[in-house]
Every structure is written in C-alpha cells, then in structure tokens.
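# Structural features, examined
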Amino acid sequence: LTEKNIFSEFAARISSIVGSEDIISSGEKLAEYSVDMADFRGKIMLVARPENGREVSELVKLANELRVPLIARGGGSSVTGAVVGDDAIVVDLTRMNRILKIDRVNWYAHVEAGVILDQLNQELDKAGLYFPPDPASSFLCTVGGAVAEGSGGMRCVKFGTFKDWVLALKVVLPNGNIVKIGEALPKNRAGYDLVHLFIGSEGTLGIITEAWLKIIPSPTEKPRRMFVLLDSWENAGKAILTLRQSRVLPSIMEFVDRESLELVNQKMEMTLPVDEAVLLLDVDEKDITVTEKILQESQARKILVARDDDEAQQFYNARAGVYLAIRGTGKDVMVEDVVVPIDMLMDYLQFVKKLGRRMKVEIIVGGHIGDGNVHPVILYDKQNRNSQKAALQAFEEICRYAIKMGGTVTGEHGVGTQKVKFLREQILAHNGSDVLQLMKELKRLFDPKGIMNPGKYVEAC
Ligand SMILES: Cc1cc2nc3c(=O)[nH]c(=O)nc-3n(C[C@H](O)[C@H](O)[C@H](O)COP(=O)(O)OP(=O)(O)OC[C@H]3O[C@@H](n4cnc5c(N)ncnc54)[C@H](O)[C@@H]3O)c2cc1C
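Since the structure is predicted, the reported quantities are computational estimates derived from the model, not experimental observations.

Time to look at the sheet that holds strand S3 (residues 70-73). One open sheet accounts for four strands, arranged S1-S2-S4-S3; its pairing is mixed. Since the sheet does not close on itself, it has two edges, and those belong to strand S1 (23-24) and S3, each with one partner. Direction of pairing for S1 relative to strand S2 (residues 44-48): antiparallel, over a ladder of two bridges. Its bridge partner lying in S2, isoleucine 23 is registered against alanine 48. Packed on one face of the sheet, helix H1 (residues 3-14) meets S1, S2 and strand S4 (88-92) and runs near 15 degrees to S2.

If you want it as structure tokens, here you go:
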C-alpha cells in the first residue's frame, strides 16, 4: 500500500472505533493540532479523540497493523516539538478526563490521562489534600502529558517533580495491549521500575491512559510568600546559595529578570515593582527572620511579604505568566531548560548574560532557580536568516556550557525534536555510548515498528 492509501484505510477503519464526531480530518480544527506552544509545526493527517482505554487500544492495534505513526496529545502545551510531527495521526486524550477515585486513606488519586492538573487540585482541595507538582501550564496541561514529560514546576524545589509522585500507570503498548505497571502503594519494589521508564518517555513507548498519583494533606500552615527585588542576577544567585548553605528550604524559589517582569506588567496589566532580578519565595514562618537577613546581606533592594492571599496569588501569577507574556510580543522564541549544579548557578547566569551581549541576541531569563533550573528564552525573527543563525548559535552555547558544567540540557520540558543533538552530546559526555545504546534498544523493544511518536527523542540521537 502507498502512504496515501494507508492513511485512507486508517481513516476508513477508525470510524468503527471512535464516533465520527470524534474524528477530525480537515479544516482549522485539524490545523490546531499541527503546532505546539513554542511554534514547532508538523503535518497531522487526522485526529482521533477516544473516550476510553479500550478505544485507545483498538486504534493503536489498527495503527500497528498499518504501521501508521501515532502522536499522543494532552493539552498540547509542549515547547520542544514533542507533540507535533509529519504524516502522523494524533490521539487526543482530553476526552478521557475523569477523576476515578480520590483515596483519602491510602492517599492516592486515580485519574484518566486527560485530567487537567488544576482540575485535579480543585477536586483534591475539597478533601483537604493536594498534588504538589505545578507546571506553570497547570491550567491547561494534562496528567498524561505531564507524566510523559516528567514535568516539574515551582513547588518542585521542595516536593520534587512528577518523577516523585507517580505510583502506577495504565498504558496501551505499541502493539495495542493494555498493561498496568506499578502499584498504588507507598512502597513497592517488585520488578524493574517500568513506571519511571514511562515518566519522561515523551509518548515514544506507549500511550498512558490512567495514572495513580501520590497525594498529601494540604499544609495546615501556609508559607509566607515573598517578592524580592535585587540589583543584579549575581546577587540573586548569591542569595540562593546562602539560603541553601543556611539549610533554609522554601517551597518556592523562583527567579525572573527585569525584562520578564516588565512584559508581565505590560501584558497582564499589573503594576509590580521591577528590578534587575526578582526572587519569588515561599518561606515557612520559622525561617522568615533568617531569610530576610540573608536577602539583606545579598543587597536586596526591596523585600515585599504578601499581605493577604490576593497579593500572594498576584506574585505567583506574575511568575507563572512570564512565558505567555513573552509569547504576547509576537516574536519567535527558543526556550531552554538547563539545570546546572546549584553551586555553579552564579557562574551560569553570568555566562548567559554575557552571551546575550556578545552575540547581540535578546535573551530573557527566568526559572526554577532553587533547583538550578534556568529557562533562557531567546527572542528572534524566523524570517531573518541572520537573526535565526545567531539564535541557534546562542542556543547551542547555552546547552553546551551546561553540559560542560555537569548540568543537563533539560530539567522538565524534555527533548522532543528541539534538543536531540544536545541530548546525544550530554549522554555521550556524562554517561557514555553504552548508555545511549541501551536507551535506543529499549525503544526498539517496546516499539519494534517505530509507530509511537517516531523520529524524536532517544530514537533520533
Ligand atoms: C505557559 C507554559 C508554562 C509551562 N511551564 C512549565 C513548567 O513550569 N514546568 C514544566 O515542566 N513544563 C512547563 N511547560 C511545558 C508543558 O506545559 C509541560 O511539559 C506539560 O506537562 C505538558 O503537558 P500536556 O498535557 O500539554 O502535554 P502535550 O504537550 O500534549 O504532550 C507532551 C508530550 O507528552 C506526550 N503525551 C501527551 N499525553 C500523553 C499520554 N497520555 N501518553 C503518552 N504520551 C503522552 C506527547 O506525545 C508529547 O510527547 C510549560 C508550557 C507552557 C506553554
């Protein structure tokens, strides 16, 4: 069969699996699936919106038989090209958005993959429970997508990323078989840890249809939220280092630069004070005095402590809104997501600042600084070859310097197509070719026909 015929056959047979109203094969609706939130693009042939795991399994079986590439999609908020591709079928999981159980004794939530993170936390809140990992896209991203990306967020400095909160998964394998991996238990070490293999697998090993997530009681005492203005990135880095040396562990430790905050003020109609560097901190009451002392010693120009919940929410929204405010400029972006050892943060921030000046490239920086996770966002113009070339070169240097420092090219956003070259460089530099080979063999073992999100991530290295 030719490629065209294969897609026609797939399209003809899929309607016996999902209803025709849940198949999108043309028009603007289809175009919406051809792009992610950093403007990576692909040519999607058709979208299927299954309602349950059985339908997912049947359509994967069909794709396996016809060797049709599949891309699982949740909120589509990926920024690395992971959720788009050429000549592929998208499996949109957002109809599978049921919270199946909130277990108040065993402290887990059993959910379908298409549940949106904020939706989950709103339900949990009613029971005095919560799920800590909080990507800034939590209003839009799904459990399945966040598991597949191994997502992080602001509270991860204290509570860890998705890697620390997934107990078990139900997965449709590339041959269409449905399996449950892991156990909804606080402890379980029976067999190889397949759950962690799926966390951060970027849809390349199978489609997640359900998850059992660890949950905890909501804190009885709210931390105090601080919005701290500093005169330099260096002093912000110094404050973070000193807080750690003093064994202070805020539950949020975020950084934004002047440009980010100015954009947020402009695009979100806020009037927050601005300086070269701003830290957003959630500090336990017992640590307030020592934190203020450290911030003053780091030349903080202003320390604002939220007076009420509304102000605390405003500070949080400002940080969470940075990326969308940057996108609001209409400029093209390349988003990085490096993590460097925290004792090298100051060095790394200085490097990024100098790089922007040296290459005359606009780089806006924010990040989950308490984790050493820095998000340099390069602004450029795709239509201008020189601008694109300079941006790509700056992106390469940002990745390579992190690798050289012993860091990683991705802390949470993943690899997709964007960072394939640097994933390879990092693994070869830090782990060796045997490790890369093992990873490639794992992909082949799970997906011998290469139908799951092909041409990306480890397979493409
Ligand atoms: C404004 C904004 C802020 C962000 N902030 C953060 C942040 O703070 N921290 C962070 O980590 N990320 C952040 N991101 C990136 C992104 O939102 C996260 O990676 C998010 O978890 C992706 O979820 P999603 O449902 O949108 O996944 P999608 O974009 O739909 O998919 C992402 C990847 O997961 C795969 N996938 C999706 N669903 C499934 C499934 N059910 N089974 C198997 N594979 C699947 C896809 O094939 C793709 O490879 C941000 C993005 C934006 C736009």
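Picking up after the structure, the text goes on.
Its 15 residues place the ends of helix H13 (residues 345-359) 21 Å apart at the C-alpha level, agreeing with the 21 Å of an ideal helix rising 1.5 Å per residue. Turning to H13, its buried residues number three or more, namely Leu345, Tyr348, Leu349, Phe351, Val352, Leu355, Gly356 and Met359. For H13, the arc enclosing every buried residue in end-on projection is 155 degrees, short of the 170-degree limit, so these residues lie on one face. Seen from the buried face of H13, the exposed residues on the opposite side, beyond 90 degrees, are Lys354, Arg357 and Arg358. On its buried face, H13 sits against helix H8 (233-245), strand S13 (252-257), strand S17 (338-339), strand S18 (362-368), strand S19 (373-380) and helix H14 (385-404). Of the residues one or two after H13, lysine 360 is the one with positive phi, at around 55 degrees.

Glancing now at the packing of H14 against helix H15 (residues 420-430). Remark: H14 packs on H15, axes separated minimally by 10 Å, with the N-to-C direction vectors making an angle of 20 degrees. With respect to each other, H14 and H15 are oriented roughly parallel. In terms of crossing hand, the pair formed by H14 and H15 is right-handed. Between H14 and H15, the residues in contact are Phe395, Glu396, Cys399, Arg400 and Ile403 and Lys421, Phe422, Glu425, Gln426, Ala429 and His430, respectively. Looking at side-chain class alone, the contact of H14 with H15 contains five nonpolar, two polar and four charged residues.

So, on to the layout of surface pockets. Here the second largest pocket defines a volume of roughly 800 Å³. Around the second largest pocket sit 35 residues that line it, and Lys163, Ile199, Gly200, Thr410 and Tyr457 are the ones nearest its centre. When contributions to the lining of the second largest pocket are tallied by element, the ones reaching two or more residues are helix H5 (143-149), helix H7 (194-198), H15, helix H16 (433-446) and helix H17 (457-460). Per-class residue counts for the lining of the second largest pocket are 14 nonpolar, 14 polar and seven charged.

This part is about empty space enclosed by the protein. Unoccupied space between atoms shows up once a probe the size of one water molecule is rolled over them. Taken as a whole, this structure holds one cavity of 30 Å³ or more when the rule is applied. What lines the largest cavity is Phe227, Glu254, Phe255, Val256, Val278, Leu279, Leu280, Phe315, Ala318 and Arg319. Tallied by class, residues from the lining of the largest cavity come to eight nonpolar, no polar and two charged.

This structure, assessed with the given rule, holds 33 salt bridges. A salt bridge links arginine 400 to glutamate 425, with the nearest nitrogen and oxygen atoms 2.7 Å apart. Of this pair, arginine 400 sits in helix H14 while glutamate 425 is found in helix H15, placing the two residues 25 residues apart along the sequence. You can call glutamate 425 partly exposed: its relative accessible area is 27%. Three or more residues are tied together by salt bridges with common partners; here these are Asp22, Arg49, Asp92 and Arg95.

The next point concerns the packing of aromatic side chains. Under the counting rule described, the total for this entry stands at ten aromatic pairs. A centroid spacing of 5.2 Å and a plane angle of 70 degrees characterise the contact between phenylalanine 131 and phenylalanine 162, whose relative ring orientation is edge-to-face. Of this pair, phenylalanine 131 sits in the loop between strand S7 (129-130) and H5 while phenylalanine 162 sits in the loop between helix H6 (156-159) and strand S8 (166-172), placing them 31 residues apart in sequence. In this pair, the class of phenylalanine 131 matches that of phenylalanine 162, namely buried. The interplanar angle of 80 degrees and the centroid separation of 6.2 Å between the aromatic rings of phenylalanine 131 and tryptophan 165 together place this pair among those described as edge-to-face. With phenylalanine 131 in the loop between S7 and H5 and tryptophan 165 in the loop between H6 and S8, the pair connects residues that are 34 residues apart, well separated along the chain. Exposure class is identical for phenylalanine 131 and tryptophan 165. Each is buried. Ring pairs connect the aromatic residues Phe131, Phe162 and Trp165, which therefore count as one cluster. In this arrangement the basic side chain of lysine 180 is found over the ring face of tryptophan 212, its NZ or CZ atom lying 5.1 Å from the centre. One Lys or Arg, lysine 353, reaches over the ring of tryptophan 233 and ends 4.1 Å from the middle of that ring.

The next subject is the side chain of histidine 413. Relative to the helices and strands, histidine 413 resides in the loop between H14 and H15. If near-sequence neighbours (up to four positions away) are discounted, histidine 413 is found in contact with Val79, Thr80, Glu149, Val335, Asp337, His375 and Lys419.

Let's shift gears to the nonpolar core. Within the largest apolar cluster, 50 residues are counted, with the highest numbers of intra-cluster contacts made by Phe255, Leu279, Leu281, Tyr348 and Ile378. When residues no more than four places from it in sequence are discounted, the contact partners of leucine 279 are Met226, Phe227, Val228, Leu230, Ala236, Ala239, Ile240, Glu254, Phe255, Leu295 and Ile369.

Okay, the site of the ligand next. If you check the shell around the ligand, you find 37 residues, and the closest are Ala72, Ser77, Ser137, Thr142 and Ser151. Contact distances for the ligand include 2.6 Å between an oxygen atom and a side-chain N or O atom of serine 77. Backbone polar atom of alanine 82 to an oxygen atom of the ligand: 3.4 Å apart, as the coordinates give it. Surface burial for the ligand is 98%, taken as the share of its 960 Å² of free accessible area covered by protein chains. Put simply, the parts of the chain that give the shell around the ligand at least two residues each are S3, H5, strand S10 (207-214) and helix H12 (322-327).

Rules used throughout
- Residues numbered from 1 in each chain as written.
- Predicted model: local features only at pLDDT ≥ 70, side-chain atom pairs only at ≥ 80, totals over all residues.
- Heavy atoms only, no water.
- Pairing = 2+ DSSP bridges.
- Helix = DSSP H or I, 4+ residues; strand = E, 2+ residues; numbered from the N terminus.
- Contact = heavy atoms within 4.5 Å.
- Axes fitted to C-alpha atoms, helices over the stretch in contact; angles between N-to-C directions.
- Expected span 1.5 Å × (residues − 1).
- Buried < 20%, exposed > 50% of the residue type's maximum accessible area, 1.4 Å probe, protein only.
- Arc of directions from axis to C-beta.
- Parallel < 35°, antiparallel > 145°, perpendicular 65-115°, else oblique.
- Left-handed = near helix turned anticlockwise from the far one by under 90°.
- Nonpolar A, V, L, I, M, F, W, Y, C, P; charged D, E, K, R; others polar.
- 1 Å grid on protein atoms, 1.4 Å probe; cavity = no way out; pocket = protein on both sides within 12 Å on 5 of 7 lines; lining within 4 Å.
- Points joined across faces, edges and corners; volume = space filled by probe spheres on them.
- Salt bridge = Lys/Arg side-chain N within 4 Å of Asp/Glu carboxyl O.
- Phe/Tyr/Trp six-rings, centres within 6.5 Å; stacked < 30°, edge-to-face > 60°.
- Lys NZ or Arg CZ within 6 Å of the ring centre and 35° of its normal.
- Core = buried A, V, L, I, M, F, W, Y, C linked by side-chain atoms within 4.5 Å.
- Near = heavy atom within 4 Å.
- Polar contact = N/O pair within 3.5 Å; in protein donor to acceptor, adjacent residues only side chain to side chain.
- Areas by Shrake-Rupley, 256 points an atom, 1.4 Å probe, with all protein chains shown as cover.

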